[in-house]
Amino acid sequence: MATRGMSRATRSGLSILGIILIFVVLWEGYKLLWTALEWSWPVRPDDRTMPHTWDIVGALFQPAQRNGPPLLWVELKAAFLTLREALVGFVIGGVVGFGLGVLFVRSATAEMAFMPYVVASQTVPIIAIAPMVVVWGGRLAVPQWLTVSIIAAYLTFFPVVINTVRGLRSPEPTSMELMRSYASTPREILWKVQVPAALPYIFTALKVSAAASVIGAIVGELPAGFRGGLGRDLLQFSQQFTAAPQKLFAAVVIAGIAGIAFVGVVTFAEHRFVAAARRQR
Amino acid sequence: MTPAVEAKGIGKVFGRDAEAVEALRDIDLVLSPGDFVSLIGPSGCGKSTLLRLIGDLATPSAGELTVNGKTPGQARLDRDYGMVFQSATLLDWRTVKKNVELPLEVMGFDSGSRAAKAQEMLALVQLQRFAGHYPWQLSGGMQQRVAIARALAFNPSLLLMDEPFGALDEMTRELMQQEVLRIWEETDTTVVFVTHSIPEAVFLSTRVLVMSPRPGWITDEITIDLATRRNEDTREAPRYFELITEVREALRRGERSDA
């Protein structure tokens, strides 16, 4: 195969390009074929419903407003702000989630007392929670971006709690007895056996959380009234959809890339911290 | 001399009321320092439970138990014993060397003396070349040797082994037995060894305690008067076979009294 001898990075880069190419071909092919056959189901092939891929990319290089900077620049700045909120939310959610996980594994009482609320918290939709956070945050004079981060954290902590609990309980009972035979303290057992054993579980959760924190930040920006982030732009472009659909598509592409970048960073950290030894299994 | 282990009328009951299961009844035993004692019996005879009581991984329901003249709990806190389980129980994110260092980390040795001690222990079990390997890169026998090195790293006076070679093939098993005897001679550790293999118990031990189930108790005690230095020739000595027969008959008697 031609791929042999290439570095891993080159290969994954090529495969990403390949998938983009396949997607473009499918998208444009659908438009061509459905137009020729005059089909309109399930999606109309016209330029309003499905703008040409080059128009979407082109929209990124046209000014967002008359005489303004190109859309790409505006959206990259927006993505930067949103990612920063997402990152802070991710860290808050991760720390709180890990802390709760440790607490629940240490204390069955705490788990019984709090776990139902942790679960219940996730059945309440974010759009219901967000305004409350905004109002309370406003009262306490919390900066707007931090309010958004707290909303993002709300989506982030749950997978971390669940997987931390699962992971901390994953070591074999004999590993725990072994530590007991050394007269180790619970803290030593936690850090030397349970946490290392839980790392693969926690990183799985963190990947879910990284994506969720971006969504949380985007959605959180709306009730918080945060300007300049992706949330506001996505809302605005969706209102202008009939006039300029390619702008919304372009913003969605940027939001998607932001999410991929974040999850990518977490995956990189996972490879770095979860020992090479365990990749074999 | 203080006995390494002394038990008087030990009993152990799991569960309570109608669901209570009596695992051990009226266990008396005295182990002198330097002994190599095997507990042998069919599964369910409580031999592992007895070992766990000695290691303070469970608490007796009745009787008196001392380890080096102390309560088992105190002996555990004093790190008087090392434990080897049937599965090697190595931490798979640690290298062989780091696994051997685990108890030393807990016990507060500095990194220099940890490394030196791990080196010495790996030499003892002849695995120096594998210090940087991860557990999954080793065979089952090698993993168990790491577990033994780890159990001995902090020089405990007592080594508790719970069917350590139960999962190994026969050839590896015999090599490991040889190895354990060599280590026992080199380190003057007292060993309590749980097994259900008659030849293994006879080959290794100075004494074999035969147990029978429901409730578990010690039915016979057989002193193994083979030469102190045992090797592959021992396995073909007539006395070895006589003792195997003796242990087997003791086990049968235990079963019959049960029926």
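Residues numbered from 1 in each chain as written. Chains lettered and ligands numbered in written order. Predicted model: local features only at pLDDT ≥ 70, side-chain atom pairs only at ≥ 80, totals over all residues. Heavy atoms only, no water.

**So, the overall build of chain A**
And then number 1: Secondary structure summary: chain A contains ten helices and zero strands in total.
And then number 2: Structurally, chain A occupies a C-alpha span of about 75 × 60 × 35 Å along its principal axes.
And then number 3: For chain A, buried positions account for 39% of its 281 residues.
And then number 4: Within chain A, contacts between residues separated by at least 24 positions form 70% of all contacts whose residues are at least 6 apart in sequence.
And then number 5: Only carbon and sulfur atoms are counted for the fraction: they give 70% of the accessible area of chain A, which is about 16,000 Å².
And then number 6: Considering chain A, the positive charge centre built from 24 side chains and the negative charge centre built from 14 side chains are found 8 Å apart. (Helix = DSSP H or I, 4+ residues; strand = E, 2+ residues; numbered from the N terminus. Buried < 20%, exposed > 50% of the residue type's maximum accessible area, 1.4 Å probe, protein only. Contact = heavy atoms within 4.5 Å. Areas by Shrake-Rupley, 256 points an atom, 1.4 Å probe, with all protein chains shown as cover. Lys, Arg positive; Asp, Glu negative; His and termini not counted. Charge placed at Lys NZ, Arg CZ, Asp CG, Glu CD.)

**Examining the overall build of chain B**
And then number 1: When helices and strands are counted, chain B shows eight helices and nine strands.
And then number 2: Whereas a compact globule of 259 residues would reach a radius of gyration of roughly 18 Å, chain B reaches 18 Å, a difference of no more than 12%.
And then number 3: Projected onto the principal axes, the alpha-carbon positions of chain B cover approximately 55 × 45 × 35 Å.
And then number 4: Buried residues in chain B amount to 54% of all 259 residues.
And then number 5: The long-range fraction of contacts in chain B, counting pairs at least 24 apart against all pairs at least 6 apart in sequence, stands at 70%.
And then number 6: Once the 29 positive and 37 negative side-chain charges of chain B are each reduced to a mean point, those two points are 4 Å apart. (Rg over C-alpha atoms; globule rule 2.2 N^0.38 Å.)

**Thoughts on helix α1 (residues 47-54) of chain B**
And then number 1: A large share of α1 of chain B lies buried, amounting to six of its eight residues.
And then number 2: Among the residues of α1 of chain B, those classed as buried are Lys47, Thr49, Leu50, Leu51, Leu53 and Ile54 of chain B.

**A look at the sheet that holds strand β3 (residues 36-40) of chain B**
Residue and element names in this part refer to chain B.
And then number 1: Spatial ordering of the open sheet is given by β5-β6-β7-β3-β8-β9, a layout of six strands whose pairing is mixed. Edge positions in the sheet fall to β5 (81-84) and β9 (217-223), since each of these pairs with one other strand and no more. Neighbour-to-neighbour, the strand axes of this sheet turn through a mean angle of 15°, independent of strand direction.
And then number 2: Of the pairings in the sheet, the one linking strand β6 (residues 158-162) to strand β7 (residues 190-195) comprises five bridges and is parallel in character. Within the sheet, the bridge partner assigned to Asp162 lies in β7 and is Val194.
And then number 3: Relative to the sheet, α1 contacts β3, β5, β6, β7 and β8 (207-212), its axis offset from that of β6 by approximately 150°.
And then number 4: Strand contacts of helix α5 (residues 140-152): β5 and β6, with the helix running at about 165° to β5, the strand carrying the most contacts. (Pairing = 2+ DSSP bridges. Axes fitted to C-alpha atoms, helices over the stretch in contact; angles between N-to-C directions.)

**Some points on the pattern of salt bridges**
And then number 1: Enumeration according to the criterion identifies 28 salt bridges over all chains in this entry.
And then number 2: We note a salt bridge from Arg52 of chain B to Glu177 of chain A, for which the minimum N-O separation is 2.6 Å. Of this pair, Arg52 of chain B sits in helix α1 while Glu177 of chain A sits in helix α7 (residues 173-181), placing the two residues on different chains.
And then number 3: Across the pair Asp35 of chain B and Arg207 of chain B runs a salt bridge whose closest N-O atoms are separated by 2.9 Å. Here Arg207 of chain B lies in strand β8 and Asp35 of chain B lies in the loop between β2 (21-31) and β3, a separation of 172 residues in the sequence.
And then number 4: You can call Arg207 of chain B buried: its relative accessible area is 15%.
And then number 5: Through salt bridges with shared partners, a single network forms among Lys97, Lys98, Glu101 and Arg114 of chain B. (Salt bridge = Lys/Arg side-chain N within 4 Å of Asp/Glu carboxyl O.)

**What about the interface of chain B and chain A?**
And then number 1: On the chain A side, the residues contacting the 24 residues of chain B number 21 residues.
And then number 2: Carbon and sulfur atoms make up 62% of the surface buried where chain B meets chain A, a total of about 2,100 Å² over both sides.
And then number 3: A per-residue breakdown of the area chain B buries against chain A is headed by Trp93, Val106 and Trp136 of chain B, which together make up 29% of the total.
And then number 4: Inspection of the region where chain B meets chain A yields three salt bridges.
And then number 5: Our count for the chain B to chain A interface comes out at seven residue pairs in polar contact (both at pLDDT 80 or more).
And then number 6: Sorting elements by how many residues they give to the side of chain B that touches chain A places helix α3 (residues 96-106) of chain B first, with four residues.
And then number 7: Of the residues belonging to the side of chain B that touches chain A, the class tally is 14 nonpolar, two polar and eight charged. (Buried area = accessible area lost by both parts, 1.4 Å probe. Polar contact = N/O pair within 3.5 Å; in protein donor to acceptor, adjacent residues only side chain to side chain. Nonpolar A, V, L, I, M, F, W, Y, C, P; charged D, E, K, R; others polar.)

**Description of the confidence of the model for chain A**
And then number 1: This prediction gives chain A a mean pLDDT of 89; 96% of its residues lie at or above 70.
And then number 2: Least confident of the elements in chain A is helix α5 (residues 126-139) of chain A, whose mean pLDDT is 87; most confident is helix α3 (residues 71-106) of chain A, at 94. (pLDDT = per-residue confidence, 0-100.)

**A few points about the sheet that holds strand β1 (residues 5-14) of chain B**
Residue and element names in this part refer to chain B.
And then number 1: Ordered in space as β2-β1-β4, the three strands form an open sheet in which the pairing is antiparallel. The open sheet has two free edges, formed respectively by β2 and β4 (62-67), since each of these has just one partner strand. For this sheet, the mean angle separating the axes of adjacent strands, direction not counted, is 25°.
And then number 2: Here β1 runs beside β2; their pairing, made up of seven bridges, is antiparallel. Its bridge partner lying in β2, Val5 is registered against Leu31.

**A word on the environment of Lys31 of chain A**
Residue and element names in this part refer to chain A.
And then number 1: Of note, Lys31 is situated in helix α1 (residues 8-37).
And then number 2: Residue classification places Lys31 among the buried positions, given a relative accessible area of 3%.
And then number 3: The sequence separation of Lys31 and Val148 amounts to 117 residues, and the corresponding C-alpha distance is 39 Å.
And then number 4: Apart from residues lying up to four places away in sequence, Lys31 is in contact with Pro45, Asp46, Asp47, Met50, Pro51 and His52.
And then number 5: Here the side chain of Lys31 touches Pro45 through a polar contact of 3.1 Å, landing on its backbone oxygen.

**Focus: helix α6 (residues 170-187) of chain B**
Residue and element names in this part refer to chain B.
And then number 1: If you check α6, its first and last C-alpha atoms are 25 Å apart, about what 18 residues at 1.5 Å a residue would give, namely 26 Å.
And then number 2: Every buried residue belonging to α6 is among Arg173, Met176, Gln177, Glu179, Val180, Leu181, Ile183 and Trp184, and all of these are buried.
And then number 3: As for α6, its buried residues are in contact with β3, α4 (111-124), α5, β6, β7 and α7 (198-204).
And then number 4: For α6, the N-terminal cap is Asp169; the gap from its side-chain oxygen to the backbone nitrogen of Met171 is 3.2 Å.
And then number 5: One or two residues past the end of α6 sits Asp188, with phi positive at roughly 35°. (Expected span 1.5 Å × (residues − 1).)

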